[in-house]
Every structure is written in structure tokens, then in C-alpha cells.
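# Architecture and fold: a report
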Amino acid sequence: REMRASLSARAVPVTLRAPVGVRRSVRRGFVVRAAADEDKPPAGCTRYSINIKRPLGLVLEEKKEGGIFVGEVVEGGNADKSGLVSVGDELIATSGVVFNSTQDYGGVSVKSGEETVRLAVRGEKFDTIMAAIASNPSQRTVTLEFQKCM
């Protein structure tokens, strides 16, 4: 089964609850980065991270054998302007926004404790990754980590 999502269109923000194993940051909304040796890239591959605003200007695809890859870079879009993203690059992680508490005020639930987290793609569903990307407020940049293999 292949799934494809265009991230060049305006996304609707969604609330994402932190899945088990997500690293949390309490440092004023900065993304927690994985340690360099935590998950080393295979031989012939390099990793890079970009911070870009939405719309991202790229299309992500889920391959049948697993993994989420760049299927298209929209010419003139934010990903294209970065000069780093290429078709075939594998998405390794993304930033997402979670709320760690909810308070009830007279029957109205108010979410608080907004945190930006790093969500590793491996083992997560395609829809979960798309929701994580969409959870980033439009005025903030989205952090995407990719792996490029030669």
C-alpha cells in the first residue's frame, strides 16, 4: 500500500498526543535532537536537518517496504528554496507539538503545557507523521530530519 500526501497545500492544525518513546523538550519549545550515535546512518548515507515554514513545498510518500520518502519537491516551494531536499530522501524525524495537560473550566477543556517534540518516523504510521507535521503552528518552522543515500 502506498500513501501520498502533498504538503504544499495549507494543512489544518491538529492536536497530537505524545506517543510512547517520544522525546520531550521543556526548553521553551526547542526540538530535542537525537544524539549523533543513537542511530547512525548506513554506509553511503548522510543525514541532515532543515527548519522550514509551511507550506513545505514537498510531497511525502510511504513505500510498501516501509519508510517515508520525498516523492516530489515543488519548484519554488520552501523545501526547494532550502537547496537541500531531493526526491528520494528518507524522512527520519519531524517536529510535532503536543499538549501535556488539560484543565476543565466550567465544562470547557483548555489544553496547556505546549511542547515541541521530536518524533522519529521509524515504526510510526504514515497518518501519525502527517499529523505531527500538521501540529506545528503555521507561524513556526517545522524541523524535518532526512537521510540521503548515494
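Here we summarise the structure given alongside this text. (Residues numbered from 1 in each chain as written. Predicted model: local features only at pLDDT ≥ 70, side-chain atom pairs only at ≥ 80, totals over all residues. Heavy atoms only, no water.)

## Here we look at the nonpolar core
- Judged by nonpolar contacts, the single largest core of 21 residues is most densely connected at Leu91, Ile133, Leu144 and Phe146.
- When residues of this core are traced back to their parent elements, those giving at least two are strand S2 (45-52), strand S3 (58-62), strand S4 (68-73), helix H2 (126-134) and strand S7 (142-149).
- Broken down by element, the residue count for this core peaks at 5 residues, all from H2.
- Apart from the residues lying within four places of it in its own chain, the contact partners of Leu144 are Tyr48, Ser49, Ile50, Ile52, Leu56, Leu58, Leu91, Ala93, Thr94 and Ile133. (Core = buried A, V, L, I, M, F, W, Y, C linked by side-chain atoms within 4.5 Å. Buried < 20%, exposed > 50% of the residue type's maximum accessible area, 1.4 Å probe, protein only. Helix = DSSP H or I, 4+ residues; strand = E, 2+ residues; numbered from the N terminus. Contact = heavy atoms within 4.5 Å.)

## Comments concerning the state of the cysteines
- The final tally for this structure, using the stated rule, is 1 disulfide.
- Two residues share a disulfide in this structure: Cys45 and Cys149, whose sulfurs sit 1.9 Å from each other. The disulfide joining Cys45 to Cys149 has a torsion of about 105° about its S-S bond and is therefore right-handed. On the criterion of sequence distance, the pair formed by Cys45 in strand S2 and Cys149 in strand S7 is long-range, its members being 104 residues apart.
- A relative accessible area of 12% places Cys45 in the buried class.
- Given a relative accessible area of 45%, Cys149 falls into the partly exposed group. (Disulfide = S-S within 2.5 Å.)

## Considering a nonpolar patch on the surface
- Together, Tyr105, Val108 and Val110 give the surface a local cluster of nonpolar side chains, amounting to about 280 Å² of exposed area.
- As for its placement among the helices and strands, Tyr105 is situated in strand S5 (residues 90-105). (Patch = residues over 30% accessible without salt bridge, like charges linked within 9 Å, V, L, I, M, F, W, Y side chains within 5 Å. Areas by Shrake-Rupley, 256 points an atom, 1.4 Å probe, with all protein chains shown as cover. Salt bridge = Lys/Arg side-chain N within 4 Å of Asp/Glu carboxyl O.)

## As for the environment of Ile133
- Its location among the elements puts Ile133 in helix H2.
- Judged by relative accessible area, which is 2%, Ile133 ranks as buried.

## Focus on the pattern of salt bridges
- Across all of its chains, the model carries 3 salt bridges by this definition.
- For the salt bridge of Arg140 with Glu114, the shortest nitrogen-to-oxygen distance reads 2.1 Å. In this pair, Arg140 sits in the loop between H2 and S7 while Glu114 sits in strand S6 (residues 108-120), placing the two residues 26 residues apart along the sequence.
- Assessed through its relative accessible area of 37%, Glu114 is described here as partly exposed.
- Taking the shortest distance from any N to any O, the salt bridge between Glu145 and Arg118 comes out at 2.9 Å. Here Glu145 is found in strand S7, whereas its partner Arg118 is found in strand S6, with 27 residues between them in sequence. This pair shows no difference in class: Glu145 is buried, exactly as Arg118 is.

## Things to note about the side chain of Asn136
- Mapping Asn136 onto the fold places it in the loop between H2 and S7.
- There is a polar contact of 2.9 Å between the side chain of Asn136 and the backbone oxygen of Ser95.
- Separated by 3.1 Å, the side chain of Asn136 and the backbone oxygen of Ile133 make a polar contact. (Polar contact = N/O pair within 3.5 Å; in protein donor to acceptor, adjacent residues only side chain to side chain.)

## Some thoughts on the pairing of S5
- Pairing geometry for S5 and S7, over 4 bridges, is antiparallel. Residue pairing for S7: Glu90 is matched across the bridge by Gln147.
- Pairing between S5 and S6: 12 bridges, direction antiparallel. Residue pairing across strands places Ser95 opposite Arg118, the latter belonging to S6.
- The loop that links S5 with its antiparallel partner S6 comprises 2 residues; one of these, Gly106, has a positive phi angle of about 55°. (Pairing = 2+ DSSP bridges.)

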